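Chain and residue survey
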Amino acid sequence: MRASKQWEIAPGHLAGPSELAGFTDRASVRSGRPFRLYVTSSAGAFTVQAFRIGWYGGTGALLVWSSTPIPGVPQPAPLIAADRMVTTNWKPSLTVQTAGWPPGTYLLLLTAANGRQKYVPITIRSDSARGAVVIVNAVNTYQAYNAWGGYSLYHGPDSSYPTRSYRVSFDRPYDGNGAPLLFRFELPLLELADRSGVHLAYLTSVDLDADRTALTGARGILSLGHDEYWSLPMRAAVTRARDTGTNLAFLGGNSVYWRVRYAPSRLGPERVMIGYKDATLDPVHNRPDTTVRWISKPYPNPENSLNGMLYVCFARRASFVVREPGFFLFAGTGAVDGTAYPGLADTEIDRAYPLPGTPPNLEVVAHSPANCGPKHVFADATYYTVRSGAGVFNTGSMSWISTLGDRASPAAAFARTVTLNLLHALSAGPLGRNHPAVGNLSAFTRAGHAPQAPDLSTIGG
């Protein structure tokens, strides 16, 4: 094994969507267990290198395995179902053995004979989360946005919402470089967490759904930068962990927004994610697992009871404004009341609302003016604690993790210090024992700051 910068695809070397692409038959496997890799290549033979993402002296990855050249062939064209779900009927290209691979988030780098390259992500999941801070790779959200083959949960080939798919399959490659959401919303955190020295464990969204014991004994759970799609068992597992003393941190915005459920494919269980986004379209139209927003009917269960806030909008170039400089996670930043960090309350943002489900001791630690088009709004960062002693921190900003990768800006330095403080605090045990939340939401709902909260009684599917 050796640290290497060779994991990065150089400009001009990215393969096209049908030139070279692949996927694995599992979102995660335990170390020592095999997985199958399915690859299409119109460029002939290819090799595979497995890189574990981490710090590694600043190189960003460790090479743990390399294949010999593998014959590459063009696989059949994608299959498109009546509801526009894209899947494949490919033959496996190879079976990969993972003996000796440490748990972590991995990128498989495919390199064709013509030098073109593409990534395939996979998680080597930890045998146990006990005593660890768990990093959850948000593979549900990866798949929701994945338009390989023409369709995602957002659009079809014409880029319109009405032509979207209602189901998406893990039995296909990801679009772009093969791991676009991992790069933007997870990779900088993976490097920083690895550098922190904190005991870490690694799981995926699918693991939280499939394994009721996956979070047993965890010290903390990290929801990363874009973690929008949650199933009922996922949410139940994380809530149960919080209520037995496991700390939570949401390092993004718009988390726990869409409810989804799984179905099997020919390759195994939980290989199809269902997300109609409309109760009138979903054949399962009046059950707790109907695929609508968590805030919506039927069976609404707004996300504020877990992450503390609700989604506001897609904002642009807003500053993160500190309002509780004495907050324990801000130690060492030098921030004072009103210190603003440009760009750190950006992209999709959350807001705290005085609504049912909002924790009564919710503490607003940052309150940041932002704009949703012509509308003036606020983005918040919050913290609350529960009876078990667990603490829950939410940055409320989808730009938090992407900013971590900026080596120079004051916003990045602030975010890195706060995140390192957070990692060490999560790993020390229930945050509420030493840092009970002090509710202050009422101070941010007075004239001039009063949020226009959604009417939960009227929201439909």
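Along each chain, residue indices are assigned from 1 in the same order as the chain's sequence is written. Residue-level local features of this predicted model are given only where pLDDT is at least 70; pairs of side-chain atoms are given and counted only at 80 or more, and the full residue set underlies all totals for whole chains, interfaces and linings. Hydrogens and waters are ignored; side-chain quantities use all the structure's heavy atoms.

1. Things to note about the sheet that holds strand E2 (residues 20-24)
Note: two strands are recorded as paired if DSSP finds a minimum of 2 bridges between them. By definition, any uninterrupted DSSP run of H or I lasting at least four residues is a helix, any uninterrupted run of E lasting at least two residues is a strand, and each is numbered from the N terminus. Ordered by their spatial adjacency, 3 strands build an open sheet running E2-E4-E9, and the pairing between neighbours is antiparallel. Every interior strand has two partners, whereas the edge strands, E2 and strand E9 (94-96), have only one. Going across the sheet, the axis of each strand differs from the next one's by a mean of 30°, ignoring polarity. Pairing geometry for E2 and strand E4 (residues 35-41), over 5 bridges, is antiparallel. The residue bridging Leu20 from the neighbouring strand is Ser41, located in E4. A fitted line through C-alpha atoms represents every axis, and for helices the fit uses only the stretch in contact; the resulting angles, taken between N-to-C directions, go from 0 to 180 degrees.

2. Things to note about the state of the cysteines
Note on terminology: disulfide denotes any pair of cysteine sulfur atoms within 2.5 Å. Taken as a whole, this structure holds 1 disulfide when the rule is applied. What pairs with Cys313 in a disulfide is Cys372, and their sulfur atoms sit 1.6 Å apart. One quick way to see it: the torsion about the S-S bond of Cys313 and Cys372 is about -65°, and its sign makes the bridge left-handed. On the criterion of sequence distance, the pair formed by Cys313 in strand E20 (residues 310-315) and Cys372 in strand E24 (residues 363-372) is long-range, its members being 59 residues apart. For the residue pair Cys313 and Cys372, the accessibility class agrees, reading buried in each case. Any residue under 20% of the maximum accessible area for its type is buried, any over 50% is exposed, and the rest in between are partly exposed; the area is computed with a 1.4 Å probe on protein chains only.

3. Let's talk about the pairing of strand E11 (residues 117-125)
In terms of residue burial, E11 counts as a mostly covered element, since 9 of its 9 residues are buried. Going residue by residue along E11, you find Gln117, Tyr119, Pro121, Thr123 and Arg125 tucked away on one face and Lys118, Val120, Ile122 and Ile124 tucked away on the opposite face as well. Bridging between strand E10 (residues 104-112) and E11 involves 8 bridges; their strand directions are antiparallel. For Leu107, the partnering residue across the bridge sits in E11 and is Pro121. The hairpin turn running from E10 into E11, its antiparallel successor, is 4 residues long, and Gly115 in that turn takes a positive phi close to 90°.

4. Re the sheet that holds strand E25 (residues 375-385)
Pairing in this open sheet of 7 strands is mixed, and the strands run E14-E12-E15-E17-E26-E25-E24 from one edge to the other. Lying at the two open borders of the sheet, with one neighbouring strand each, are strand E14 (200-204) and E24. Averaged over neighbouring strand pairs, the angle between their axes works out to 20° when direction is ignored. In this sheet, E25 lies alongside E24 in antiparallel orientation, the contact comprising 9 bridges. Bridge pairing in E25 links Glu363 to Tyr383.

5. A closer look at helix H3 (residues 187-196)
Taking burial as the measure, the 10 residues of H3 include 8 buried ones, the bulk of the element. The complete set of buried residues in H3 reads Leu187, Pro188, Leu189, Leu190, Glu191, Leu192, Ala193 and Ser196. Taken from the residues just after H3, Gly197 is the one with a positive phi, measuring 85°.

6. Section: helix H8 (residues 410-427)
The periodicity of an α-helix, 3.6 residues per turn, causes residues three or four places apart in sequence to face the same way. Multiplying one less than the number of residues by 1.5 Å gives the expected span of a helix. The terminal C-alpha atoms of H8 lie 26 Å apart, and with 18 residues this matches the ideal 26 Å at 1.5 Å per residue to within 8%. Listed in full, the buried residues belonging to H8 are Ala411, Ala412, Phe414, Ala415, Arg416, Val418, Thr419, Leu422, Leu423, Ala425, Leu426 and Ser427.

7. Overview of the nonpolar core
Soluble, globular proteins show a tendency: their nonpolar side chains are buried together. Here, the term nonpolar core denotes a set of buried Ala, Val, Leu, Ile, Met, Phe, Trp, Tyr and Cys residues that are joined through side-chain atoms within 4.5 Å. Judged by nonpolar contacts, the single largest core of 109 residues is most densely connected at Ile135, Leu189, Leu215, Leu222, Phe320, Trp400 and Phe414. Ranked by the residues each element gives to this core, the list is headed by H8, at 8 residues. For Leu189, the residues in contact, after removing those within four places along its chain, are Ile135, Leu222, Leu224, Leu251, Ile401, Leu404 and Thr419. In terms of nonpolar packing, the next biggest core, distinct from the first, is built from 23 residues, Phe46, Leu62, Trp101 and Leu110 among them. Only heavy atoms enter the contact rule, under which two residues are in contact if any of them lie within 4.5 Å.

8. Here's the deal with the packing of aromatic side chains
Each Phe, Tyr or Trp ring (for Trp, its six-membered ring) is paired with any other whose centre lies within 6.5 Å, and the angle between the two planes then decides the class: stacked below 30 degrees, edge-to-face above 60, tilted in between. Evaluation of the coordinates by the stated rule reveals 25 aromatic pairs. Pairing Phe327 with Phe330 gives two aromatic rings, centres 5.2 Å apart and planes at 80°, and the pair type is edge-to-face. For the residue pair Phe327 and Phe330, the accessibility class agrees, reading buried in each case. Through pairs of rings, three or more aromatic residues link up here, namely Phe320, Phe327, Phe328, Phe330, Tyr341, Tyr383, Phe393, Trp400 and Phe414. The ring centre of Trp55 lies 4.0 Å from the NZ or CZ of Arg195, which sits over that ring. The criterion is that NZ of a Lys, or CZ of an Arg, lies within 6 Å of the ring centre and within 35 degrees of the ring normal, and then a charge sits over that ring.

9. Remarks on empty space enclosed by the protein
Method remark: on a 1 Å grid restricted to protein atoms, a set of points is classed as a cavity if a 1.4 Å probe fits but cannot get out and as a pocket if it is open with protein on both sides within 12 Å along at least five of seven lines; lining residues have an atom within 4 Å of a point. Grid points are joined across faces, edges and corners, and a volume is the space filled by probe spheres set on the points. Counted according to the given criterion, the structure contains 2 cavities of 30 Å³ or more. As a volume, the largest cavity reaches approximately 160 Å³. When contributions to the lining of the largest cavity are tallied by element, the ones reaching two or more residues are E2, E10, E11 and helix H1 (139-145). It is E11 that provides the largest number of residues to the lining of the largest cavity, a total of 4 residues. Of the residues assigned to the lining of the largest cavity, the class counts are 12 nonpolar, 6 polar and 3 charged. As a volume, the second largest cavity reaches approximately 60 Å³. Side-chain classes follow a simple rule in which Ala, Val, Leu, Ile, Met, Phe, Trp, Tyr, Cys and Pro form the nonpolar group, Asp, Glu, Lys and Arg form the charged group, and the remainder, Gly included, forms the polar group.

10. Describing the pattern of salt bridges
Should a side-chain nitrogen of Lys or Arg be within 4 Å of a carboxyl oxygen of Asp or Glu, the pair is scored as a salt bridge. Under the defined criterion, the tally for this structure stands at 16 salt bridges. Its salt-bridge partner being Glu19, residue Arg116 comes within 3.8 Å of it at the nearest N-O pair. With Arg116 in the loop between E10 and E11 and Glu19 in the loop between strand E1 (2-3) and E2, this pair connects stretches of sequence that are 97 residues apart. Residue Arg116 is classed as partly exposed on the basis of its relative accessible area of 30%. Among the ionic pairs, Asp127 bridges to Arg30, the shortest N-O distance being 3.5 Å. Residue Asp127 is located in the loop between E11 and strand E12 (133-137), and its partner Arg30 is located in strand E3 (residues 28-30); the two are separated by 97 residues in the primary sequence. Residue classification places Asp127 among the exposed positions, given a relative accessible area of 60%. Overlapping salt bridges bring together Arg30, Arg125, Asp127, Asp207 and Asp211 as one network.

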